[in-house]
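The primary structure of each chain is shown beneath.
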Amino acid sequence: MTPLIDVVFLLLLFFMLTSTFSTFGEIELNQAAGGRSVQGETQNRAFVQLGEDRLTLNGSDVTLDELAETIEEGQVLVSLDEDATAQRVVDLLVRLRGRDALSVLVLE
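Computed from a prediction, not measured in an experiment: that's the story for all the values here. (Residues numbered from 1 in each chain as written. Predicted model: local features only at pLDDT ≥ 70, side-chain atom pairs only at ≥ 80, totals over all residues. Heavy atoms only, no water.)

(A) Highlighting the overall build of the protein chain. Along the backbone of the protein chain there are three helices and five strands. Ordering the α and β elements of the protein chain from the N terminus gives α-β-β-β-α-β-α-β. Per-residue burial for the protein chain yields a buried fraction of 22% across its 108 residues. If you take every contact in the protein chain between residues at least 6 apart in sequence, the share linking residues at least 24 apart comes to 74%. Carbon together with sulfur atoms contributes 54% to the accessible area of the protein chain, which is approximately 8,700 Å² in total. (Helix = DSSP H or I, 4+ residues; strand = E, 2+ residues; numbered from the N terminus. Buried < 20%, exposed > 50% of the residue type's maximum accessible area, 1.4 Å probe, protein only. Contact = heavy atoms within 4.5 Å. Areas by Shrake-Rupley, 256 points an atom, 1.4 Å probe, with all protein chains shown as cover.)

Now the structure itself:
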């Protein structure tokens, strides 16, 4: 006869190996590097306000898809509302990543 604890451990192992874990958006975090000076060149700057239910670009309401299509280069300053969640910030950063000419700065 098999002890009950062995059966419990086998069931626990079975459920751990067969379950799927949800994945959220992943972003790469880079260390700060030395700044570069931009002389004689006007740099595009965009101001984004991010909340739980709102997203504004320079004062006008937009969606994440519209924001990703609009901003291609320059600097993006992201201001977070008090109700902004971490997942919402990650969703924004995932949409804006992969653009070499774009730098994103998240303000608290």
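We are not done yet, so read on.
(B) Quick look at the pattern of salt bridges. Tallied over the entire structure, the rule returns two salt bridges. The shortest N-O distance in the salt bridge between Asp 65 and Arg 95 comes to 2.2 Å. Here Arg 95 lies in helix 3 (residues 86-96) and Asp 65 lies in helix 2 (residues 64-70), a separation of 30 residues in the sequence. (Salt bridge = Lys/Arg side-chain N within 4 Å of Asp/Glu carboxyl O.)

(C) Fine view of the sheet that holds strand 5 (residues 102-107). Strand order in the open sheet made by the five strands is 3-2-1-4-5, with mixed pairing throughout. Of all the strands in the sheet, just strand 3 (60-61) and strand 5 have a single pairing partner and so form its edges. Sheet contacts for helix 3: strand 1 (45-50), strand 2 (55-57), strand 4 (74-80) and strand 5; angle to strand 5, the most-contacted strand, approximately 170 degrees. (Pairing = 2+ DSSP bridges. Axes fitted to C-alpha atoms, helices over the stretch in contact; angles between N-to-C directions.)

(D) Structural context of unusual backbone geometry. Unlike most non-glycine residues, Asn 58 shows phi in positive territory, near 50 degrees. Along the chain, Asn 58 turns up in the loop between strand 2 and strand 3. In this structure Asn 58 comes out as exposed when scored by relative accessible area, which is 52%.

(E) Quick look at the pairing of strand 4. Of all the seven residues making up strand 4, five are buried; the element is thus mostly covered by neighbouring parts of the structure. With six bridges joining them, strand 1 and strand 4 adopt parallel strand pairing. Of the residues in strand 4, the one forming a bridge with Val 48 is Val 78. Strand direction decides the pairing type here: strand 4 and strand 5, joined by six bridges, are parallel. Within strand 5, the residue paired with Gln 75 across the bridge is Ser 103. Crossover connection from strand 4 via helix 3 to parallel strand 5: handedness right-handed. (Right-handed = clockwise from strand over helix to strand, strands pointing away.)

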